[in-house]
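Read off the chains here:
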Amino acid sequence: MAVAHDDGRPVVIANAPLLDDGRPMPTRYWLVDADLRRRVSQLEGRGGVRAAEEAVDAECLAATHRRYAAERDALVPPHHRGPRPSGGVGGTAQGVKCLHAHVAYRLAGGEDPVGDWVLDELGMQGCGS
């Protein structure tokens, strides 16, 4: 568990970069809090992915994807010779694919302007790490 409520309920879990069978898992952080997932889904349903892409500087977003990928890839065992995870936040190398993944990364302590934007839209700014 990467982030928990004060009572211990999980908010964000951290996934290993590889599944048990060696297949890559590109999504390092997963938003599991039901209420927050629902609220983020509603924002996505109202065009939040496009709005976030328009609101966030493209180079800043690209840097976020690079940081996320580097942090995740550093956890791949050096002896691993199979397929490796690819992409950045949510498995994408550019743009915004999933607001949930950005919020999870931000809450887990990642520097993520999309996660910040979502939290601000939900009236939760300052709720990160």
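The structure we're discussing is the one just above.
From a predicted model like this one, the values you see are computed outputs, not experimental measurements.

1. Brief notes about the side chain of Asn 15
Tracing the backbone shows Asn 15 in the loop between strand E2 (10–14) and strand E3 (29–31). Given a relative accessible area of 15%, Asn 15 falls into the buried group. Side-chain polar atoms of Asn 15 contact the backbone oxygen of Thr 27, separated by 3.0 Å. Discounting residues that sit within four places of it in the chain, Asn 15 has contacts with Met 25, Thr 27, Arg 28 and Trp 30.

2. Concerning the state of the cysteines
Using the criterion set out here, one finds 0 disulfides in the structure. Of all cysteine sulfurs in the structure, the one in Cys 60 sits closest to Cys 98, which takes part in no disulfide; the separation is 19 Å.

3. Let's talk about the packing of helix H4 (residues 99–107) against helix H5 (residues 113–121)
In contact at an axis separation of 8 Å, H4 and H5 are set at 100° when each is read in the N-to-C sense. On the basis of their axis angle, the class for H4 and H5 is roughly perpendicular. Counting all contacts with H4, which are made through Leu 99, His 102, Val 103, Arg 106 and Leu 107, the residues of H5 involved are Val 114, Gly 115, Asp 116, Val 118 and Leu 119. Its residues assigned to classes, the contact of H4 with H5 comprises 6 nonpolar, 2 polar and 2 charged.

4. A few points about the sheet that holds E2
Adjacent strands of a sheet pair through backbone hydrogen bonds, lying either parallel or antiparallel. Here 3 strands make up an open sheet; going across it, the order is E1-E2-E3 and the pairing antiparallel. Every interior strand has two partners, whereas the edge strands, strand E1 (3–4) and E3, have only one. Relative to E3, H4 is tilted by about 110°, and along the sheet it contacts E1, E2 and E3.

Cut-off values and rules
- Residues numbered from 1 in each chain as written.
- Predicted model: local features only at pLDDT ≥ 70, side-chain atom pairs only at ≥ 80, totals over all residues.
- Heavy atoms only, no water.
- Helix = DSSP H or I, 4+ residues; strand = E, 2+ residues; numbered from the N terminus.
- Buried < 20%, exposed > 50% of the residue type's maximum accessible area, 1.4 Å probe, protein only.
- Polar contact = N/O pair within 3.5 Å; in protein donor to acceptor, adjacent residues only side chain to side chain.
- Contact = heavy atoms within 4.5 Å.
- Disulfide = S-S within 2.5 Å.
- Axes fitted to C-alpha atoms, helices over the stretch in contact; angles between N-to-C directions.
- Parallel < 35°, antiparallel > 145°, perpendicular 65-115°, else oblique.
- Nonpolar A, V, L, I, M, F, W, Y, C, P; charged D, E, K, R; others polar.
- Pairing = 2+ DSSP bridges.

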